[in-house]
Amino acid sequence: MQILSAPIQEYTDAAFRNAHCRVIGGVDEYYLPFLRLEHGELPKRARMDCAAENNRCLHAVAQLLARTASEAEILRDHLAGQGYRRLDLNLGCPFPKVVKGGYGAGMLSRPEGIGEVLTALCVSPELRISVKMRLGTVSETEWREVLPILNDFPLEKIVLHPRAAERQYDGMPNREQWLRFQTECRHPVIYNGDIRCVADADGLDGVMVGRGLLADPLLPLRLRGETPSTAMLSAFHDAFCEECCRLYQQPLLKLKLLWEYFLPDAERRLRKAIQKAKTLEEYRVTVSSLLEALP
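Let me begin by describing the structure that accompanies this report. (Residues numbered from 1 in each chain as written. Predicted model: local features only at pLDDT ≥ 70, side-chain atom pairs only at ≥ 80, totals over all residues. Heavy atoms only, no water.)

**Re the packing of aromatic side chains**
Thought 1: All chains considered together, the criterion is met by seven aromatic pairs.
Thought 2: Centroid distance Phe16 to Phe236: 5.7 Å. Interplanar angle 80°. Geometry classified as edge-to-face. Of this pair, Phe16 sits in helix α1 (residues 14-23) while Phe236 sits in helix α10 (residues 231-247), and the two are 220 residues apart along the sequence.
Thought 3: According to the relative accessible area criterion, Phe16 is buried, its value standing at 0%.
Thought 4: Using a relative accessible area of 0% as the deciding quantity, one classes Phe236 as buried.
Thought 5: Measuring from centroid to centroid gives 6.1 Å for Phe236 and Phe240, while their planes differ by 20°, and the two rings are stacked. Here Phe236 pairs with Phe240, and both are found in helix α10, just four residues apart, close to one helical turn. For the pair shown, Phe236 and Phe240 are each scored as buried.
Thought 6: Three or more aromatic residues link up through ring pairs in this structure, and these residues are Phe16, Phe236, Phe240, Trp259 and Phe262.
Thought 7: Sitting over the ring of Tyr103, Arg36 keeps its end group 4.6 Å from the ring centre.
Thought 8: The aromatic ring of Tyr169 is capped on one face by Arg211, whose charged end is 4.4 Å from the ring centroid. (Phe/Tyr/Trp six-rings, centres within 6.5 Å; stacked < 30°, edge-to-face > 60°. Helix = DSSP H or I, 4+ residues; strand = E, 2+ residues; numbered from the N terminus. Buried < 20%, exposed > 50% of the residue type's maximum accessible area, 1.4 Å probe, protein only. Lys NZ or Arg CZ within 6 Å of the ring centre and 35° of its normal.)

This is how it looks when you write it as structure tokens:
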């Protein structure tokens with residue numbers, strides 16, 4: 001099974017990717033949260049997250065958010081200059097502000113624009129291009145207008161989330177439409193959406209894991225049939241803490257953010273104490289108590 005780490009803004013940034021790859025692994029590709037231009041250039045924070053020296057994980061895939069060929073070219077050249085050879089076009093972000101601006105899943109209602117952007121990306125055999133997308137912007141059958149365009153390009157794969165953007169993450173994924181898409185697609189198709197345990201991946205050849213990975217960083221190993229020790233969670237957190245202290249001016253804020261998803265079944269009292277910690281030392285002591293209490 002091919003296992004990909006999903007790009008989630010604020011959560012799966014360099015600190016998370018580096019720590020997970022170094023301590024746990026089991027992931028074939030780590031996707032960076034989408035990169036987009038602001039006033040014609042990458043913001044400083046985005047430049048830091050995609051900088052080659054800050055990405056120690058193997059098989060990193062840089063994801064870009066672009067609605068025009070010119071935007072795609074600027075991002076392509078910057079990322080290629082950083083050494084990236086795997087680029088992913090985001091056609092899946094469902095957040096209203098992004099969609100309203102015509103980016104992410106908002107492009108699915110404008111197939112001709114997708115063709116222009118992919119033409120700008122597929123310029124060299126050295127660059128391996130993939131697409132992450134949804135079934136549509138409003139309708140879960142909009143993909144039928146998009147897929148013929150995607151089939152004309154030499155894409156490495158398509159990661160498909162089987163919901164329309166309008167639903168964001170509500171309701172059940174539409175696996176029937178996902179299967180129809182897979183049947184008609186000329187490229188390998190990876191399933192993305194609500195993979196939280198081994199049973200969720202039954203019958204799938206490849207999955208992208210996002211919130212399920214944040215909740216249980218050992219999930220990729222479980223999906224591969226292994227029985228990892230919970231001691232690895234403590235080692236992962238130590239590595240994540242180290243990376244946060246190295247990369248961020250306020251590491252405590254980034255560390256607390258992890259716990260919005262991490263180990264949701266852990267003792268509630270200790271989880272609340274983690275969020276109330278005022279110093280890094282207080283945070284570490286509380287986390288140590290929580291991890292020691294894990295079965």
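**Section: the layout of surface pockets**
Thought 1: Here the largest pocket is characterised by a volume of approximately 520 Å³.
Thought 2: Together, 27 residues line the largest pocket, and Pro7, Ile8, Lys132, Tyr169 and Arg211 are the ones closest to its centre.
Thought 3: Listed by contribution, the elements that provide at least two residues to the lining of the largest pocket are β5 (128-136), β8 (206-209) and α8 (211-215).
Thought 4: For the lining of the largest pocket, the class distribution of residues is 13 nonpolar, nine polar and five charged.
Thought 5: In terms of lining residues, the second largest pocket is bounded by 15 residues, among which Gln9, Glu10, Phe34, Arg45 and Ala46 are the most central.
Thought 6: The dominant element in the lining of the second largest pocket, judged by the number of residues it contributes, is helix α2 (residues 44-50), at four residues. (1 Å grid on protein atoms, 1.4 Å probe; cavity = no way out; pocket = protein on both sides within 12 Å on 5 of 7 lines; lining within 4 Å. Points joined across faces, edges and corners; volume = space filled by probe spheres on them. Nonpolar A, V, L, I, M, F, W, Y, C, P; charged D, E, K, R; others polar.)

**Overview of unusual backbone geometry**
Thought 1: Phi is positive for Glu10, which is not a glycine, with a value near 80°.
Thought 2: You can see Glu10 is positioned in the loop between β1 (2-5) and α1.
Thought 3: Notably, Gln168 is not glycine yet its phi reads approximately 50°, a positive angle.
Thought 4: Relative to the elements of secondary structure, Gln168 occurs in the loop between β6 (158-164) and α7 (175-184).
Thought 5: Accessibility expressed as a relative area gives 26% for Gln168, which makes it partly exposed.

**Section: the nonpolar core**
Thought 1: One finds Leu118, Val131, Met133, Leu150, Phe181, Phe240 and Trp259 to be the most contacted residues of the largest nonpolar core, which totals 97 residues.
Thought 2: With seven residues, α10 is the largest single contributor of residues to this core.
Thought 3: Excluding its chain neighbours within four sequence positions, the residues that come into contact with Met133 are Leu91, Gly92, Leu108, Trp143, Val146, Leu150, Ile158, Val159, Leu160, His161 and Phe181.
Thought 4: Residues Phe34, Leu65, Val98 and Tyr103 belong to the second largest nonpolar core, which totals five residues. (Core = buried A, V, L, I, M, F, W, Y, C linked by side-chain atoms within 4.5 Å. Contact = heavy atoms within 4.5 Å.)

**Considering the pairing of β1**
A regular strand places its side chains so that they alternate between the two faces of the sheet.
Thought 1: Bridge analysis of β1 against β8 gives four bridges, and the strand direction is parallel. Along β8, the bridge assignment pairs Leu4 with Met208.
Thought 2: Where β1 meets strand β2 (residues 29-31), two bridges bridge the pair, whose relative direction is parallel. Considered in β2, the bridge of Ser5 is made with Tyr30. (Pairing = 2+ DSSP bridges.)

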